[in-house]
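Remarks on the overall topology
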Amino acid sequence: MSRLRPYQKEAIDAVKENFAQGNNRPAIAHATGLGKTGLIAEIPKLHGKRTLVLVHTTELAQQAAEKISRWNKGLAVGIEMSQRYAEDHQLVVVGSVQTLRRFGSKRLQELNPEDFGAIVVDEFHHSTAKGYLNILSHFKLHGKDITRDRMLERGISVCWRDDTSSRRQAGKHEGPG
């Protein structure tokens, strides 16, 4: 496993604190190049369950799977996209939104919400799109009283807490991302 930078450790600590306080929707907003993939590789350690990483392109799926594997060599990482299926023993599943987005689809139903401790949305500004909301609804991350249509109307704060756990702008930092 690669060593986390101090601000990455702060972000992980903030997520850990959010989980301890019952917030299952913390947000991390870090600029490009600040090592978000390293943070993703740490998430399964916080809850001991599987983690789903939602991406919207084939390139991002492959890149995320490779980087997460490099950051945490002992972590089994799978891809759920098109003709590729993640296996049950893989603790991190990089999932294509295009593959999983249809609410109630067989592919989405095969991912048991009880098996997952965290959902990570790459490019989370897309998370209010209907396909993302269908996936988040499957995992019950939106609140029991909010329908998908109301989530679309209410915007991003329904998916993610307004009090962002960690926010970091581009600037000086050390080491590889």
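Provided above is the structure to which this section pertains.
Owing to the predicted nature of the structure, the values given are computational and were not obtained by experimental measurement.

**A closer look at the overall build of the protein**
Of regular secondary structure, the protein possesses eight helices and six strands. Reading the protein from its N terminus to its C terminus gives the helix and strand order α-β-α-α-β-α-β-β-α-α-β-α-α-β. Taken over 177 residues, the protein has a buried fraction of 48%. In the protein, 68% of the contacts between residues at least 6 apart in sequence involve partners at least 24 apart. Counting every atom, the protein has about 9,700 Å² of accessible surface; 48% of that belongs to carbon and sulfur.

**Looking at the packing of aromatic side chains**
Within this structure, the stated rule accounts for one aromatic pair. Each ring, one from Phe116 and one from Phe139, has its centre 5.3 Å from the other, and the planes form 80°; the classification is edge-to-face. Remark: Phe139 occurs in the loop between helix 7 (130-138) and helix 8 (148-154) and Phe116 occurs in strand 5 (residues 116-121); sequence separation between them is 23 residues. Looking at Phe116, the relative accessible area reads 8%, which means it is buried. The class of Phe139 is buried, set by a relative accessible area of 8%.

**Concerning the pattern of salt bridges**
Applying the stated criterion to the full structure yields four salt bridges. A salt bridge links Glu110 to Lys106; the shortest N-O distance between them is 3.9 Å. Here Glu110 falls in the partly exposed class, since its relative accessible area comes to 45%.

**Quick notes on the environment of Asn112**
Within the element layout of this structure, Asn112 appears in the loop between helix 6 (106-109) and strand 5. Overall, Asn112 belongs to the partly exposed group, its relative accessible area being 34%. Through-space distance from the C-alpha of Asn112 to that of Phe139 is 8.0 Å; in sequence the pair is 27 residues apart. A distance of 3.0 Å separates a polar side-chain atom of Asn112 from the backbone nitrogen of Glu114.

**Quick word on the sheet that holds strand 5**
Within the open sheet, the four strands sit side by side as 3-4-2-5. Their pairing is parallel. Among the strands making up the open sheet, the edge pair consists of strand 3 (77-80) and strand 5. Taking each pair of neighbouring strands and ignoring which way they run, the sheet shows an average axis angle of 20°. Across five bridges, the pairing between strand 2 (residues 50-55) and strand 4 (residues 92-96) is parallel. Counted as the bridge partner of Thr51 is Val92 from strand 4. Sheet strands touched by helix 4 (residues 58-71): strand 2, strand 3 and strand 4. Its angle to strand 3, the strand with the most contacts, is close to 170°. Docked against the sheet, helix 7 engages strand 2 and strand 5, running at close to 170° with respect to strand 2.

Each value, and the rule that gives it
- Residues numbered from 1 in each chain as written.
- Predicted model: local features only at pLDDT ≥ 70, side-chain atom pairs only at ≥ 80, totals over all residues.
- Heavy atoms only, no water.
- Helix = DSSP H or I, 4+ residues; strand = E, 2+ residues; numbered from the N terminus.
- Buried < 20%, exposed > 50% of the residue type's maximum accessible area, 1.4 Å probe, protein only.
- Contact = heavy atoms within 4.5 Å.
- Areas by Shrake-Rupley, 256 points an atom, 1.4 Å probe, with all protein chains shown as cover.
- Phe/Tyr/Trp six-rings, centres within 6.5 Å; stacked < 30°, edge-to-face > 60°.
- Salt bridge = Lys/Arg side-chain N within 4 Å of Asp/Glu carboxyl O.
- Polar contact = N/O pair within 3.5 Å; in protein donor to acceptor, adjacent residues only side chain to side chain.
- Pairing = 2+ DSSP bridges.
- Axes fitted to C-alpha atoms, helices over the stretch in contact; angles between N-to-C directions.

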